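Chain residues, written in single-letter form:
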Amino acid sequence: MLFRSIRTTAELAARRARPAELYRDALNQVTAESERMTRLLDDLLFLARVDAEVVEMPQSTFNLDPLVQSLCSQISPMADAKQLRISYERPDESAFVLGNEPAIRRLILALLDNAVKYSPDGAEVHIALKNGAKQVSLEVIDDGPGIAESELPLIFRSEEHTSELQSHHDL
């Protein structure tokens, strides 16, 4: 779908002469989509490296709140296209976690992307980041179909079970 969006935008811009502002808008759309595609390809390469166990995952302590805010902004155009409302419930205090920030970023982005993708048009996607006594939790609540409880163990299996899960949910 990303390839079509870039191609369609470029083809429409090139069809006839337009004011410079419209060309800039088209180029900005192409740039945004190509950046998203680059991130997607980076994520796929990252997952392949993790599966091959050749990637190091250095950990550091970081505040999860600015990351979640940034990712909510990043998915807003996709949500707007489906007339979804994104709400983000921020924690009262900083939400520091220990982990690999790029990997956590990819995970949260995948959760938000799926929430937007599978929610019906006009619905709400609610994200809540909460501080506990010794933990931080992130909730992504949407009106999508979800995954049957019996299939949840398949999410973290690779190869043979992934195709079974995909066939049930058209992932």
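In case you missed it, the structure is sitting above this.
Model, not experiment: these values are computed from the prediction. (Residues numbered from 1 in each chain as written. Predicted model: local features only at pLDDT ≥ 70, side-chain atom pairs only at ≥ 80, totals over all residues. Heavy atoms only, no water.)

Considering the pattern of salt bridges
Step number 1: Taken as a whole and assessed by the stated rule, the structure comprises 3 salt bridges.
Step number 2: A salt bridge links Arg90 to Asp65, with the nearest nitrogen and oxygen atoms 2.5 Å apart. Of this pair, Arg90 sits in the loop between β2 (85-89) and β3 (96-99) while Asp65 sits in helix α3 (residues 64-81); the two residues are 25 residues apart in sequence, bridging distant segments of the chain.
Step number 3: The partly exposed category is assigned to Arg90, whose relative accessible area is 48%.
Step number 4: Residue Arg85 pairs with Glu124 through a salt bridge whose shortest N-O separation is 3.0 Å. Placement of the pair is Arg85 in strand β2 and Glu124 in strand β4 (residues 124-131), with a sequence separation of 39 residues.
Step number 5: A relative accessible area of 29% places Glu124 in the partly exposed class. (Salt bridge = Lys/Arg side-chain N within 4 Å of Asp/Glu carboxyl O. Helix = DSSP H or I, 4+ residues; strand = E, 2+ residues; numbered from the N terminus. Buried < 20%, exposed > 50% of the residue type's maximum accessible area, 1.4 Å probe, protein only.)

Regarding helix α4 (residues 101-118)
Step number 1: Here α4 is 18 residues long and its end C-alpha atoms lie 26 Å apart, about the 26 Å a rise of 1.5 Å per residue gives.
Step number 2: Among the residues making up α4, those that are buried are Ala103, Ile108, Leu109, Leu112, Ala115 and Val116. (Expected span 1.5 Å × (residues − 1).)

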